[in-house]
Each structure stands twice: as C-alpha cells, then as structure tokens.
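# Overview (structure and organization)
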Amino acid sequence: MAEIAVIGAGPAGCAAAIALRRAGREVVLLERSAAPRESVCGEFFGPDAAAALATLGIDPAGLGAIPLRHLRIGHGARESMAALPFDAWGLARRRLDGALQVAAGPALRRGVTVLGAQAGDGGWRLRTSAGEVSARRVVLATGKHALRGFPRPASPWMGLKLHLADVPIEAAVALLPCAGGYAGLQPSEAGGANLCAALRQAPGDLLATIRAGSALAARLLRDARPLWARPLAVAGVPYGWRHAGEGPPGLYRIGDQAAVIPSFTGEGMALALQSGLAAAEAILAGREAAEFGAAWRRRHARPVLLAGLGARVLQGWPAGFAAAAPLLGPAFARATRL
C-alpha cells in the first residue's frame, strides 16, 4: 500500500507530488496520458503561479515563457487597453506539464487511467487500467475531467482551445467577448498564439464566432492560421463552482476538482499550483482532508467569486467592461490574486 496516491499529473497534482516526495513521503502519481500534452487552458500565469513554480524548482523563462505586459479588451468597435499591475507570462501547457512531470521523478506512472476509487478501512482502493492500487490517502487532481463517483455540478459551459500562427498579439492578453461567451488570446511559443474560449455551445466555426464579436478580434484573427486540425474541447465545465469541502476521509481535492475559476478573469494556473502545495502542507502537518478542504475553500473564496463576477459582466455587459478596463482593470486583476 502506498502512503499517498495522486490522481492526475497536471500542475496541481505534480505540485502536490513533488512537495510530498521532497519531504520523504511515499507517493505514486498516476497519469493517464503516455506523454505531456496540451489541455484546455488559458496558459496565463502571474506572480502567484510564478512563486509556486519557483518553490518547485521550475524556471518559466527557461521553458520559453512569453512576458505579458498589457490587457486589451474589444467589443464591437470599442477597444481599450490597460497595463497589467504585475509581471505575467504565457506558457504552453505541454511545456509546463512536461517540466513538472520530470520534477516528479520516479513517483510518476504514465499511461495509467484511474477508473474508480473506493474508500475502505485504513485507506483507498483505486481501480486502474494497470490493476489495483492501494493508498492510505488520495489527492484528486484530474483537472476539468471528473473521476467517476466524484461528480461536479452539471454546466452548460464548454471550454475550447486552439493554437494559432500569424496573430499580431504582441506582449498582451486580449479579452474578446463574442456570441455565447468570450475568449482570451495571448502570445505563445515560437511566435504563435493561444486562443482559449468559454462558450455556452459548440460553435460551427470557432474563429468566425470570435471574429464577429469585435473589431479588435477581427483584426487580430484576420490572418490566423490554426496549428491543429480542430480545437481541444471539454464540455460541462462548472465555471465559478467551489467544492463545499466535505467528502470521505483521506480524499484531498485540488485544482479544478476543488474550484473552477473562470478563465482569463481569474488565474487558474495559480489556483492549481497553490492548491497542490497547500494539500501537501496539510498532509505533512497531519491535517485531515475535511479540515484542508474547508481551509482551502476559505482561501480561494474571494478570487473565485470576483472572477465569476468579472466573467458575468464581460458576457452580459461587454461594452461597460471594455469602457471600465483602463481604470478598473488593474485593481480587478490584483483583487483576484490568491
């Protein structure tokens, strides 16, 4: 029986596993993919995420992170810009996850899908594609994909992501409201750009839908060339949801399994990394899962609620959001930090 099983080797799961291994704990990190890959993510990270990465020994600049200095917002013919009030970067998830998974070392088991988990006397039994795994504690870090038996609320929202070439975005992140939701656009590696969207229904043509939302989007995406055959997509994303903290003993929820902050109006990368470190700290201190869950819920309450408010304003009153961004944007960005 392992001491701790971490399910999912994204930023949250890797952060927990690395911190626990460094403290001498026995950890098994189960990851369904055979190699690092892209996932639906805005790829934006600021100082809270950077601090967590530094704790884990990861240098974003060494991975090719792109500095971001401004926030741009477009709606119809209106366009505004504000300076970001802190250092921020863009970094492809495939690169970040790859570096974190290397740092996790021998704890990582690739190509292992967890099919179910059952609590019992003295620990947990995990049914996986590679056989049964037993552990005293489980850290649930499956990101936007729920584990069977541990559902999250139903949601009409879906997240989409597409890497693009030939986008003149420069050192800025652009918020682009459109029919049914909004998108975020920012520079990515090798001169490309990352487009991530939160929409209420699948668009017939993702780029056309976003271009139609504003003159800024039309200009930035005019010559955009998709680098993938189709966007990555995940359905039923409960943006703004927070886990109440209850659950079976020995189950620590982190990352998007604890709270789903709306993309681009809040910093999901920081939430993921910091939750993994917080779970490791709780386990090392002997705190039970329920105590950790309640403490983490209190800690992320403000940023998740404010980010949800920002997302609703961006969707429901995009003209007002764009008009207020130069004055209120920096203060709002600071307020949604952990």
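The structure contained in this document is the topic of the report that follows. The structure presented is a predicted model; accordingly, all values stated were derived computationally and were not measured.

## Some details on the packing of aromatic side chains
By the definition in use, this model includes four aromatic pairs. Residues Trp157 and Tyr239 carry aromatic rings whose centres are separated by 6.3 Å and whose planes lie at 80° to one another, so their mutual orientation is edge-to-face. Of this pair, Trp157 sits in the loop between β9 (131-140) and β10 (158-165) while Tyr239 sits in the loop between β15 (232-235) and β16 (251-253); the two residues are 82 residues apart in sequence, bridging distant segments of the chain. Neither residue differs from the other here; Trp157 and Tyr239 are each classed as buried. On the basis of an interplanar angle of 45° and a centroid distance of 5.9 Å, the ring pair of Tyr252 and Phe292 is categorised as tilted. Highlighted residues: Tyr252 in strand β16 and Phe292 in helix α7 (residues 289-316), separated in sequence by 40 residues. The class for Tyr252 is buried, based on a relative accessible area of 0%.

## Points about the nonpolar core
Ranked by size, the top nonpolar core spans 52 residues in total, and within it Leu29, Leu100 and Leu273 carry the most contacts. For this core, the secondary structure elements donating two or more residues are β1 (2-7), α1 (11-22), β2 (27-31), α2 (47-55), α3 (93-104), α6 (268-284) and α7. At 11 residues, α6 tops the list of elements feeding residues into this core. Beyond its immediate sequence surroundings of up to four residues, Leu100 is in contact with Pro11, Cys14, Ile18, Leu53, Leu56, Ile58 and Leu273. Counting residues in hydrophobic clusters, the runner-up holds 26 residues, among them Phe86, Ala88, Leu175 and Ala333.

## Side note on the environment of Val234
Within the secondary structure, Val234 is located in strand β15. Since its relative accessible area comes to 8%, Val234 is described here as buried. With 29 residues separating them in the primary sequence, Val234 and Ser263 have C-alpha atoms 13 Å apart. Those residues in contact with Val234 that sit more than four places away from it in its chain are Val40, Lys144, His145, Met158 and Gly159.

## Focus: the environment of Ile283
Within the secondary structure layout, Ile283 lies in helix α6. Ile283 gets classed as buried once you look at its relative accessible area, which sits at 2%. In this structure the C-alpha to C-alpha distance between Ile283 and Gly250, which are 33 residues apart in sequence, comes to 9.5 Å. Other than its neighbours up to four places away in sequence, Ile283 contacts Ile4, Leu20, Arg25, Arg137, Val139 and Tyr252.

## Some remarks on α6
Relative to the 24 Å expected for 17 residues at 1.5 Å per residue, α6 spans 24 Å between its end C-alpha atoms, a close match to the ideal helical length. Counting buried residues in α6 gives 14 out of 17 residues, a clear majority hidden from the surface. Immediately downstream of α6, the backbone of Gly286 shows phi near 80°, a positive value.

The rules we used
Residues numbered from 1 in each chain as written. Predicted model: local features only at pLDDT ≥ 70, side-chain atom pairs only at ≥ 80, totals over all residues. Heavy atoms only, no water. Phe/Tyr/Trp six-rings, centres within 6.5 Å; stacked < 30°, edge-to-face > 60°. Helix = DSSP H or I, 4+ residues; strand = E, 2+ residues; numbered from the N terminus. Buried < 20%, exposed > 50% of the residue type's maximum accessible area, 1.4 Å probe, protein only. Core = buried A, V, L, I, M, F, W, Y, C linked by side-chain atoms within 4.5 Å. Contact = heavy atoms within 4.5 Å. Expected span 1.5 Å × (residues − 1).

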